[in-house]
2 protein chains.
Amino acid sequence: MRQCIERKRAGGELSADQWDGIITAFMEGGVDEAQMAALCMACVWRGMSFDEAFALTGAMVRSGATITFDPARGIVADKHSSGGVSDIVSLVAVPIAAACGARVAKLSGRALGHTGGTIDKLETIPGFNVALDLDRFAKQVERVGCAIASQTDALVPADKRIYRLRDRTATVPAMGLIAASIVSKKIAGGAHAFVFDVKTGAAAFMRDPKDALELAGWLVEIAKRFGRRATAFVTDMHQPLGRSIGTGIEVLEAREFLAGNADERTRELVLAISAAVVTACGIDNAPQRVREALESGRAAAKFREMIAAQDGDVAAFEALKLDEPLTVTAAHGGYVQAVDVVKLGYEGRRLSEHDPLGGLRVAARIGDRIEPGAPLLHAYGRDKKHATHLSSTFTITHAPCNVPPLVYETLT
Amino acid sequence: MRQCIERKRAGGELSADQWDGIITAFMEGGVDEAQMAALCMACVWRGMSFDEAFALTGAMVRSGATITFDPARGIVADKHSSGGVSDIVSLVAVPIAAACGARVAKLSGRALGHTGGTIDKLETIPGFNVALDLDRFAKQVERVGCAIASQTDALVPADKRIYRLRDRTATVPAMGLIAASIVSKKIAGGAHAFVFDVKTGAAAFMRDPKDALELAGWLVEIAKRFGRRATAFVTDMHQPLGRSIGTGIEVLEAREFLAGNADERTRELVLAISAAVVTACGIDNAPQRVREALESGRAAAKFREMIAAQDGDVAAFEALKLDEPLTVTAAHGGYVQAVDVVKLGYEGRRLSEHDPLGGLRVAARIGDRIEPGAPLLHAYGRDKKHATHLSSTFTITHAPCNVPPLVYETLT
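Residues numbered from 1 in each chain as written. Chains lettered and ligands numbered in written order. Predicted model: local features only at pLDDT ≥ 70, side-chain atom pairs only at ≥ 80, totals over all residues. Heavy atoms only, no water.

Chemist: It is not clear to me how the overall build of chain A should be interpreted in this structure. Could you clarify?
Modeler: For chain A, the count of helices and strands is 16 helices and 13 strands. Over its C-alpha trace chain A gives a radius of gyration of 21 Å, about what one expects of a compact globule, namely 22 Å for 412 residues. For chain A, the spread of C-alpha atoms along the principal axes amounts to about 65 × 45 × 40 Å. Buried residues in chain A amount to 59% of all 412 residues. (Helix = DSSP H or I, 4+ residues; strand = E, 2+ residues; numbered from the N terminus. Rg over C-alpha atoms; globule rule 2.2 N^0.38 Å. Buried < 20%, exposed > 50% of the residue type's maximum accessible area, 1.4 Å probe, protein only.)

As structure tokens, this is what we get:
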């Protein structure tokens with residue numbers, strides 16, 4: 001191991017066998033955390049080749065169980081987001097695509113930092129079971145057409161250990177390590193096609209669109225080298241994507257969305273990503289099918305079917321209702337120049353911590369012209385009274401400003 | 001800690017308080033080995049400022065006990081070598097300087113890799129106690145004028161842990177970390193003046209003379225900033241320094257040296273380093289005193305006095321005698337161009353492993369003109385029969401070659 005670290009330290013490349021040996025030894029205890037941390041820092045320093053990232057991805061996949069879907073019975077897709085704020089895309093794109101006949105096996109994560117987690121959101125539906133075992137998960141995909149379950153310890157245990165290690169040793173920012181971490185979990189999840197949503201902007205893991213585009217390229221290429229189909233979107237995170245920030249409050253927005261009451265920006269991205277999932281599953285005419293599934297109510301019905309299949313209480317889901325908000329208003333008029341999305345993300349997590357329907361609804365967007373006293377945010381839940389200070393999260397200036405694009409790039 | 005790693009990762013400088021906090025937390029468990037390894041790799045990557053190395057040195061000194069010698073009772077000196085092969089300088093320079101009236105408190109290490117360790121050598125003298133407790137060590141320096149003891153766990157425990165960590169995580173080559181490791185142990189040992197011997201060449205920790213000179217500069221400057229006197233020699237390790245390679249066989253060479261039968265190259269360096277130690281202790285006319293101490297037999301007597309003070313059996317020391325050697329000869333004639341010192345170092349360790357008087361005596365030097373069949377090495381001890389393959393450790397060519405200098409540089 002020391003020689004591998006020395007090689008990487010000197011800017012060299014490790015072979016596939018070396019990456020395999022490192023991951024095996026790390027899981028068996030022959031390589032310790034200090035050695036892995038030093039290697040990760042050397043990877044941050046020297047970078048990794050595409051071959052190395054591919055080799056590491058494979059080695060991590062082999063560290064645990066994998067799910068297999070028989071491709072003869074149809075393509076199975078999975079959708080991944082690099083982490084956003086007010087991002088209900090997974091919640092609604094999965095049932096929309098399934099309503100179009102796609103099969104979607106989605107493994108999701110929990111909230112991390114200021115970004116929300118689909119699993120935390122779904123757990124606010126009474127009874128909803130996110131901890132499906134691999135067999136039940138696969139069977140539900142076959143039967144219902146979709147399932148959303150939490151990443152289990154059985155899949156890619158090496159990634160779990162290495163990710164925690166990288167987090168506390170400040171060795172996260174190495175493109176090859178990031179790509180291997182993301183793709184290994186997707187490969188182990190068994191889907192044949194992936195749609196990646198790589199966020200960029202102040203509140204994204206990849207702030208710079210160039211970095212986000214580079215990561216998107218790695219994700220697509222590594223997935224393809226594993227024989228999978230892949231599409232990646234680079235999308236905006238300079239402001240919250242949708243209207244709601246929290247857990248249950250985002251499930252409520254998903255319900256409203258599927259009922260036809262959609263935030264326009266979210267709708268644009270959901271339609272694009274849903275169509276990419278449907279296309280990846282080999283179904284033609286996807287954009288039109290997606291709109292029909294949404295407008296006909298079939299997507300809304302599929303969401304309820306998925307909730308029921310995962311032991312969720314559909315009646316309780318229907319009854320979800322927000323309390324009276326505390327409204328945060330603009331101290332002065334002007335144009336919304338910027339939004340502190342990170343702060344809003346953390347505040348959404350705080351408000352939903354003790355109240356599943358606590359959270360924020362965003363009433364102003366970048367580029368909006370605001371009158372003095374106009375609403376910026378509505379805060380909900382039992383801790384909402386502390387939200388008044390949030391008016392400072394909006395930067396309001398006299399000059400009009402450009403609105404960042406929603407989709408920067410699409411890669412296939 | 002993560003922020004400190006991030007700062008170093010970005011090429012920033014950590015404050016003295018941060019280094020202090022890191023070492024304290026590392027010793028108390030708040031910073032784990034993975035985090036320390038990542039930080040060390042970031043230091044290899046980004047380097048460390050002199051201020052950082054000084055701060056780290058101080059933080060490490062404070063991780064354990066320290067020895068104090070009252071300067072009012074005279075300057076106490078210590079001598080350090082960065083690790084060589086066939087290097088008896090410490091064994092003889094310490095009693096020579098003490099015989100001149102200097103007080104020498106030498107803390108030594110064990111063999112590491114291909115390099116020998118003064119402690120391992122002294123332990124071949126029956127009864128010799130290298131594990132002096134701090135009090136006995138200090139008292140012996142006052143009474144006898146010199147003591148050589150092994151670095152104890154009580155002094156600089158942080159260095160011990162960090163050094164092991166760096167060794168297995170390939171994070172050794174950072175000038176600031178190396179200098180802090182060396183100087184912290186010297187500072188904790190309590191001496192007021194240090195003489196450093198930084199080796200350079202193929203078998204040295206610092207192969208490149210420029211690196212060795214840079215390290216020598218750091219050692220001297222850090223020591224001075226702690227208010228200590230310091231001198232550093234940059235000396236050659238392209239070939240074994242003296243005649244013998246092993247443990248007891250080097251003690252025997254030391255006995256012969258003090259009896260006036262000295263290898264010329266070793267003698268030149270011993271005289272220079274002994275004089276530097278004597279000068280550092282505030283004694284004038286050091287070069288002449290050193291020669292007189294050696295030639296009068298007072299240095300030899302002082303060595304025996306030190307052996308006796310440390311429970312060593314002086315009669316057994318006097319009786320040390322080599323067995324009949326196996327002689328390794330040159331297959332063809334020519335000039336000795338190079339010597340594989342690393343291989344010889346390992347072979348010396350192997351031969352002395354089960355036989356304290358096992359080892360090698362070197363019969364040819366770089367630049368020597370050799371006849372075919374002339375002796376290159378003599379191997380001693382019960383495992384000597386496997387030494388015949390060592391003739392290949394000498395590169396013999398037809399053209400004469402330059403002899404590397406013995407002392408490259410002296411810094412004060």
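Chemist: Sorry if this is basic, but what is going on with the relation of the copies chain B and chain A here?
Modeler: Screw-axis analysis of chain B against chain A gives a translation of 0.0 Å along the axis, an RMSD of 0.0 Å, and a rotation angle of 180°. Such a combination of rotation and displacement between the chain copies is what one expects of a two-fold axis. Closest to the rotation axis within chain B is the C-alpha of B:Ala34, separated from it by 1.9 Å. (Least-squares fit on C-alpha atoms with pLDDT ≥ 70 in both.)

Chemist: What am I meant to see in the state of the cysteines here?
Modeler: One covalent bond between the sulfur atoms of two cysteine residues makes up a disulfide. Residues and elements named next belong to chain A. Counted under the stated rule, the structure contains zero disulfides over all chains. A disulfide-free cysteine, Cys4 has its sulfur positioned 11 Å from the sulfur of Cys43, the nearest such atom. The exposure class of Cys4 is buried, given its relative accessible area of 11%. Here Cys100 is not cross-linked by a disulfide; its sulfur's nearest cysteine counterpart is in Cys281, at 10 Å. Using a relative accessible area of 10% as the deciding quantity, one classes Cys100 as buried. (Disulfide = S-S within 2.5 Å.)

Chemist: What am I meant to see in the interface of chain B and chain A here?
Modeler: Between chain B and chain A, the contact holds 21 residues from the first and 21 residues from the second. In this assembly, chain B packs against chain A so that about 1,700 Å² is buried in total across both faces, 66% of it on carbon and sulfur atoms. Counting the surface chain B buries against chain A, the share from its top three residues, B:Met41, B:Trp45 and B:Arg168, is 32%. Where chain B touches chain A, the interface holds four salt bridges. Between A:Asp167 and B:Arg2 there is a salt bridge; the shortest N-O distance is 2.7 Å. Applying the counting rule to chain B against chain A returns eight residue pairs in polar contact (both at pLDDT 80 or more). When contributions to the side of chain B that touches chain A are tallied by element, the ones reaching two or more residues are helix H1 (2-9), helix H3 (33-46) and helix H8 (157-168) of chain B. Residue contributions to the side of chain B that touches chain A peak at nine residues, all from H3(B). (Contact = heavy atoms within 4.5 Å. Buried area = accessible area lost by both parts, 1.4 Å probe. Salt bridge = Lys/Arg side-chain N within 4 Å of Asp/Glu carboxyl O. Polar contact = N/O pair within 3.5 Å; in protein donor to acceptor, adjacent residues only side chain to side chain.)

Chemist: Would you explain the pairing of strand S12 (residues 394-397) of chain A in this entry?
Modeler: A regular strand places its side chains so that they alternate between the two faces of the sheet. Residues and elements named next belong to chain A. With burial as the criterion, only one face of S12 is covered, namely that bearing Phe394 and Ile396; the residues Thr395 and Thr397 on the opposite face remain uncovered. Strand direction decides the pairing type here: strand S8 (residues 334-339) and S12, joined by four bridges, are antiparallel. Across the sheet, the residue bridging to Val336 is Ile396, located in S12. (Pairing = 2+ DSSP bridges.)

Chemist: Sorry if this is basic, but what is going on with the packing of helix H2 (residues 16-28) of chain B against H3(B) here?
Modeler: The axes of two packed helices give the description: the angle between them and the distance between them. All names here are of chain B. Two elements in contact, H2 and H3, have axes separated by 10 Å at closest approach and are oriented at 145°. Handedness of the H2/H3 crossing: left-handed. Of the residues in H3, those touching H2 at Trp19, Ile22, Ile23 and Phe26 are Glu33, Met36, Leu39 and Cys43. For the contact of H2 with H3, the residue count by class is seven nonpolar, no polar and one charged. (Axes fitted to C-alpha atoms, helices over the stretch in contact; angles between N-to-C directions. Left-handed = near helix turned anticlockwise from the far one by under 90°. Nonpolar A, V, L, I, M, F, W, Y, C, P; charged D, E, K, R; others polar.)

Chemist: What is the right way to read the pattern of salt bridges from this model?
Modeler: Two side chains carrying opposite charge are able to pair once their charged atoms lie near each other. All names here are of chain B. This model, assessed by the stated rule, comprises 58 salt bridges over all chains. For Arg110, the salt bridge identified is with Glu123, shortest N-O distance 2.9 Å. You can see Arg110 sitting in the loop between strand S2 (103-108) and helix H6 (118-122) and its partner Glu123 sitting in the loop between H6 and helix H7 (134-144), a full 13 residues away along the chain. Residue classification places Arg110 among the partly exposed residues on the basis of a relative accessible area of 44%.

Chemist: Explain the sheet that holds strand S1 (residues 76-81) of chain B here, please?
Modeler: Backbone-to-backbone hydrogen bonds pair the strands of a sheet. The strands run either parallel or antiparallel. All names here are of chain B. Pairing is mixed across the open sheet formed by six strands, whose spatial order is S3-S2-S1-S4-S5-S13. Strand pairing shows two members of the sheet lacking a second neighbour, strand S3 (146-150) and strand S13 (407-411), which therefore form its edges. Each neighbouring strand pair of the sheet contributes to a mean axis angle of 15°, computed without reference to strand direction. Bridge count between S1 and S2: two bridges; the pairing is parallel. Across the sheet, Val76 pairs through a bridge with Arg103, a residue of S2. Along the sheet, helix H10 (residues 209-225) contacts strand S4 (193-200), strand S5 (229-236) and S13; its crossing angle with S4, the most-contacted strand, is approximately 170°.

Chemist: In this structure, what is going on with the sheet that holds strand S6 (residues 244-246) of chain A? I would like to understand it.
Modeler: Residues and elements named next belong to chain A. Taken together, four strands build an open sheet; the order of strands is S6-S9-S11-S7 and the sheet is antiparallel. Each edge of the sheet is formed by a strand with only one pairing partner; in this case those strands are S6 and strand S7 (326-329). Taken pair by pair, the neighbouring strands of this sheet meet at an average axis angle of 20°, ignoring direction. Here strand S9 (residues 359-362) runs beside strand S11 (residues 375-380); their pairing, made up of four bridges, is antiparallel. Each bridged residue has a counterpart across the sheet, and for Leu360 the counterpart in S11 is Ala379. Against the sheet, helix H11 (residues 248-258) contacts S6, S9 and S11, and its axis sits at roughly 145° relative to S6.

Chemist: So what exactly am I meant to see when it comes to H2(B) here?
Modeler: Think of an α-helix as turning once every 3.6 residues; residues three or four places apart then point the same way. All names here are of chain B. In this model, H2 (13 residues) spans 18 Å end to end at C-alpha, consistent with the 18 Å of a helix rising 1.5 Å per residue. Of the positions making up H2, those classed as buried are Trp19, Ile22, Ile23 and Phe26. Buried positions in H2, seen along its axis, are confined to an arc of 90° and lie on one side of it. With respect to the buried face of H2, the exposed residues turned more than 90 degrees away are Asp17 and Glu28. Looking at the buried positions of H2, the neighbouring elements they touch are H1, H3, helix H4 (50-61) and H8. Looking one or two residues beyond H2, the residue adopting positive phi is Gly29, at roughly 100°. (Expected span 1.5 Å × (residues − 1). Arc of directions from axis to C-beta.)

Chemist: Looking at this structure, I do not really get the pairing of S1(B). What am I missing?
Modeler: Residues and elements named next belong to chain B. Of all the six residues making up S1, six are buried; the element is thus mostly covered by neighbouring parts of the structure. A crossover connection joins S1 to the parallel S2 through helix H5 (residues 89-99); in handedness this β-α-β unit is right-handed. Bridge count for S1 against S4 is five bridges, and the pairing is parallel. The residue of S4 that forms the bridge with Ser81 is Asp197. (Right-handed = clockwise from strand over helix to strand, strands pointing away.)

Chemist: Just checking my understanding: could you explain the packing of aromatic side chains for this structure?
Modeler: Aromatic ring pairs: the centre-centre distance and the angle between the two ring planes describe each pair. The tally for this structure, following the rule as stated, stands at nine aromatic pairs over all chains. Ring centres of A:Phe194 and A:Phe196 lie 5.9 Å apart, and the angle between their planes is 45°; on these two criteria the pair is classed as tilted. Judged by relative accessible area, A:Phe194 falls into the buried class, the value being 1%. Ring centres 4.6 Å apart and planes at 45° place the aromatic pair B:Phe54 and B:Phe226 in the tilted group. Here the residue B:Phe54 occupies a position in helix H4, and B:Phe226 occupies one in the loop between H10 and S5, the gap between them amounting to 172 residues. When the ring centre of A:Phe54 is taken as reference, the NZ or CZ atom of A:Arg225 above it lies at 4.3 Å. In this arrangement the basic side chain of B:Arg369 is found over the ring face of B:Tyr335, its NZ or CZ atom lying 5.4 Å from the centre. (Phe/Tyr/Trp six-rings, centres within 6.5 Å; stacked < 30°, edge-to-face > 60°. Lys NZ or Arg CZ within 6 Å of the ring centre and 35° of its normal.)

In short, shape yes, function no, at least from these values alone.
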